[in-house]
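# What the coordinates show
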Amino acid sequence: MDGTGFRVSEGTRTDVAAEVVIVRPRRAFWMSAALAVVLLAVFVTVAVLLRSVDTGAIFAVSDQIAMVGVGVMLAGAAMLFATPRVRADAEGVHVRNIGVSRYFRWDEVLSVSFPDGASFARLELPDFEYYSMMAIQAVDRERAVKAVRALRRFHAAAHRG
C-alpha cells in the first residue's frame, strides 16, 4: 500500500511500465459489512425468539435453521457491494463490478473520466459508450481522485509509447 489508500506493487511513480494499481471501494465495504452484520443479527434474533414467543403458530427447529440461513444469504448479498475492484497496469485495466468482470486494453479506451454528479468513475469507449468502474466511487473522495489520476497516467503512457 502506498499513502493513497490503494495498492501499488513494484516500480515507482515514474516507472509506469512496472506499476500495478489495485483499487477497491472503501466506504462501500464498511457500509456493506455493517448492513451484513445487522441483517445477520436480526435474523438470528428472530430465529431464537421464534419458538420462545407464543405467536399461535407452531415453529420447528427447521424453521429456526431456515431463518438463520435466510439471514446468511442476505448478509452475503449485502457483501456483494464490497466486491468491485479495478486492477490496472501498463497493458490495460481489468474492471470487476458486481457480478460482471471485463478487461480493456489501453488502446481500446479513449479516456478515463469522472463526470460531475456521477457516482462512479468510468472508461470512455469508442462510439459514445462508456463502462462504469464501481470500485472508484465519489463517496471515497480523495482516494477516488488519486485512483483516477493513476489510471490516467497509465492511459497517457500507453498512448505515448
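Residues numbered from 1 in each chain as written. Predicted model: local features only at pLDDT ≥ 70, side-chain atom pairs only at ≥ 80, totals over all residues. Heavy atoms only, no water.

## A short note on the confidence of the model for the chain
Convention followed: In predicted models, pLDDT denotes the confidence assigned by the predictor to each residue on a 0 to 100 scale. Contacts are residue-level and defined by heavy atoms, with any inter-residue pair within 4.5 Å sufficient.
For the chain, mean pLDDT is 87; residues scoring 70 or higher make up 88% of the total. In the model, residues 8-14 has pLDDT below 50 throughout and makes 15 contacts with residues more than four positions away in sequence or in other chains.

## Here's the deal with the environment of Arg102
Filter applied, for reference: Here a helix means four or more residues in a row that DSSP labels H or I, a strand means two or more in a row labelled E, and each is numbered from the N terminus. Think of it in three bands: residues with accessible area under 20% of the maximum for their type are buried, residues over 50% are exposed, and the middle band is partly exposed, with areas taken using a 1.4 Å probe on protein chains only.
Mapping Arg102 onto the fold places it in strand S5 (residues 101-105). Arg102 sits in the partly exposed class, given a relative accessible area of 40%. Separated by 29 residues in sequence, Arg102 and Tyr131 place their C-alpha atoms 9.3 Å apart. If sequence neighbours within four positions are ignored, Arg102 has contacts with Val93, His94, Val95 and Tyr131.

## Here we look at the pattern of salt bridges
Note the following rule: Basic side-chain nitrogens of Lys or Arg form a salt bridge, by our definition, when they fall within 4 Å of a carboxyl oxygen of Asp or Glu.
Here the structure, examined in full by the defined rule, presents 6 salt bridges. Put simply, Arg153 and Glu19 hold a salt bridge, and the shortest N to O gap is 2.8 Å. Highlighted residues: Arg153 in helix H3 (residues 142-160) and Glu19 in the loop between strand S1 (7-9) and strand S2 (20-23), separated in sequence by 134 residues. On the basis of relative accessibility, which here comes to 1%, the residue Glu19 falls in the buried class. For the salt bridge of Arg105 with Glu108, the shortest nitrogen-to-oxygen distance reads 3.7 Å. With a relative accessible area of 44%, Arg105 lands in the partly exposed category. A relative accessible area of 28% means that Glu108 is categorised as partly exposed. Look at the salt bridges and you will find they share partners, linking Arg105, Asp107 and Glu108 into a network.

## A word on helix H2 (residues 61-79)
Heads up, the condition is: Helix span is expected to be 1.5 Å times the residue number reduced by one. The arc under discussion is defined with respect to the helix axis, by the directions toward the C-beta atoms.
Counted at 1.5 Å a residue, the expected span for H2 with its 19 residues is 27 Å, and the 27 Å between its end C-alpha atoms agrees. For H2, the complete set of buried residues consists of Gln64, Gly71, Ala75 and Ala78. Taken down its axis, H2 places every buried residue within 60 degrees of arc, on the same side. In H2, those exposed residues whose orientation departs by more than 90 degrees from the buried face are Ile65 and Met73. As for H2, its buried residues are in contact with helix H1 (27-52).

## Brief notes about the environment of Phe81
As for its position among the elements, Phe81 is in the loop between H2 and strand S3 (85-88). Judged by its relative accessible area of 48%, Phe81 is partly exposed. Taking C-alpha positions, Phe81 is 9.4 Å from Ala135, a pair spaced 54 residues apart along the chain. Ignoring sequence-local partners within four residues, the contact set of Phe81 consists of Pro25, Ala28, Ser32 and Ile98.

## What about the pairing of S3?
For a regular strand, side chains alternate in direction, first toward one face of the sheet and then toward the other. Applied cut-off: Only when DSSP finds a minimum of two bridges between them are two strands counted as paired.
Direction of pairing for S2 relative to S3: antiparallel, over a ladder of 3 bridges. Looking across to S3, one finds that Val21 is bridged to Ala88. Pairing of S3 with strand S4 (residues 92-96) involves 4 bridges; the strand directions are antiparallel. Pairing of Arg87 across the sheet is with His94, part of S4. Connecting S3 to the next strand, S4, in antiparallel fashion are 3 residues.

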